[in-house]
Amino acid sequence: MTKVRVRSAPSPTGHLHIGNARTALFNYLFAKHYNGDFILRIEDTDLERNVVGGEESQMKYLHWLGITPDESPSQPNPKYAPYRQMERLDMYQKYAQQLIDAGHAYKCYCTEEELEEDYEAQKANGVVATQYNRKCLLHRSKEELESLAVTNTPFTIRVRVPENETYTFNDMIRGEVSFESKDIGDWVLIKANGIPTYNFAVVIDDHTMDITHVFRG
């Protein structure tokens, strides 16, 4: 059996609360039951909501509860460090570029105003779960895209979600879970400021840190 590696990955947007502690405890007990490692990773990319002392609170009170990580920002394993997402930005950019090169992602130059206008139009037509209309993938010419790139127009990076696919996996608690690609939409991987979205960063982190199981709140 592959060595168990699990993680608690709080955001320093507040101090440790019962939900953080509960999730950390489940991860910690699972790791110790299987002689594995419990990792504390800090997901600090929500810069506007991060609070002073948030990270310190997570680490201090987990230690007080006896939930001591095997790896953390203060106790790094060089193979997996760093343990703060804002110190891993180059890694996210590298994987995003690999996805672009493989045709699985693309640059989106649409402004917030353009996106909001389209979402409002979708709602007016009865669409409840609005999605990006793929303007930069399907409806901009090659010349227009090149012009936007040359003028250093800000862009996000979106994943190109395959069409008409069903994704099915076995969850240890919920059993077999399925969802349809048509219900997802081409979501943003990297924001215009170069910071990854949670859904992208967390997958890259779990992959590169060899996380074997994910227990979340």
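Anything mentioned here points back to the structure above.
First things first, this report covers the structure right here in the doc.

**Quick notes on the side chain of Arg158**
- Mapped onto the secondary structure, Arg158 falls in strand β4 (residues 156-159).
- Asp186 provides the closest opposite charge to the buried, unpaired Arg158, separated from it by 6.9 Å.
- Every residue in contact with Arg158, bar those within four places of it in the chain, is listed here: His104, Ala105, Tyr106, Cys108, Leu115, Tyr119, Tyr132, Asp186, Trp187, Val188 and Leu189.

**Regarding the side chain of Arg88**
- For Arg88, the position within the fold is in the loop between α2 (54-64) and α3 (89-101).
- Among the polar contacts listed, one links the side chain of Arg88 to the backbone oxygen of Tyr80, at a separation of 3.2 Å.
- The residues contacting Arg88, other than those within four sequence positions of it, are Tyr80, Ala81, Pro82, Asp205, Thr208 and Met209.

**Details of the sheet that holds strand β7 (residues 188-190)**
- In spatial order, the strands read β3-β4-β7; together these three strands make up an open sheet with antiparallel pairing. Bordering the open sheet on either side are β3 (105-108) and β7, each of which pairs with just one other strand. On average, each strand axis in the sheet is inclined to that of its neighbour by 40°, with strand direction left out of account.
- Direction of pairing for β3 relative to β4: antiparallel, over a ladder of four bridges.

**Description of the packing of aromatic side chains**
- By the definition in use, this model includes six aromatic pairs.
- Judged by centre distance (4.9 Å) and plane angle (55°), the rings of Phe30 and Tyr34 are tilted.
- Exposure remark for Tyr34: the relative accessible area of 39% places this residue in the partly exposed category.
- Residue placement shows Lys107 over the ring face of Phe155; its charged tip is 4.7 Å from the ring centre.
- We note Arg158 situated over the ring of Tyr132; from NZ or CZ to the ring centre the distance is 3.9 Å.

**Looking at unusual backbone geometry**
- Residue Ala81 is joined to Pro82 through a cis peptide bond whose omega torsion reads 5°.
- The phi dihedral of Asn152 falls on the positive side, at around 55°, and the residue is not glycine.
- For Asn152, the location among the structural elements is in the loop between α6 (142-150) and β4.
- Positive phi, close to 60°, is recorded for Asp210, a residue that is not glycine.
- Note on placement: Asp210 falls in the segment after α7 (198-208).
- The exposure class of Asp210 is partly exposed, given its relative accessible area of 36%.

What counts as what
- Residues numbered from 1 in each chain as written.
- Predicted model: local features only at pLDDT ≥ 70, side-chain atom pairs only at ≥ 80, totals over all residues.
- Heavy atoms only, no water.
- Helix = DSSP H or I, 4+ residues; strand = E, 2+ residues; numbered from the N terminus.
- Buried < 20%, exposed > 50% of the residue type's maximum accessible area, 1.4 Å probe, protein only.
- Lys, Arg positive; Asp, Glu negative; His and termini not counted.
- Salt bridge = Lys/Arg side-chain N within 4 Å of Asp/Glu carboxyl O.
- Contact = heavy atoms within 4.5 Å.
- Polar contact = N/O pair within 3.5 Å; in protein donor to acceptor, adjacent residues only side chain to side chain.
- Pairing = 2+ DSSP bridges.
- Axes fitted to C-alpha atoms, helices over the stretch in contact; angles between N-to-C directions.
- Phe/Tyr/Trp six-rings, centres within 6.5 Å; stacked < 30°, edge-to-face > 60°.
- Lys NZ or Arg CZ within 6 Å of the ring centre and 35° of its normal.

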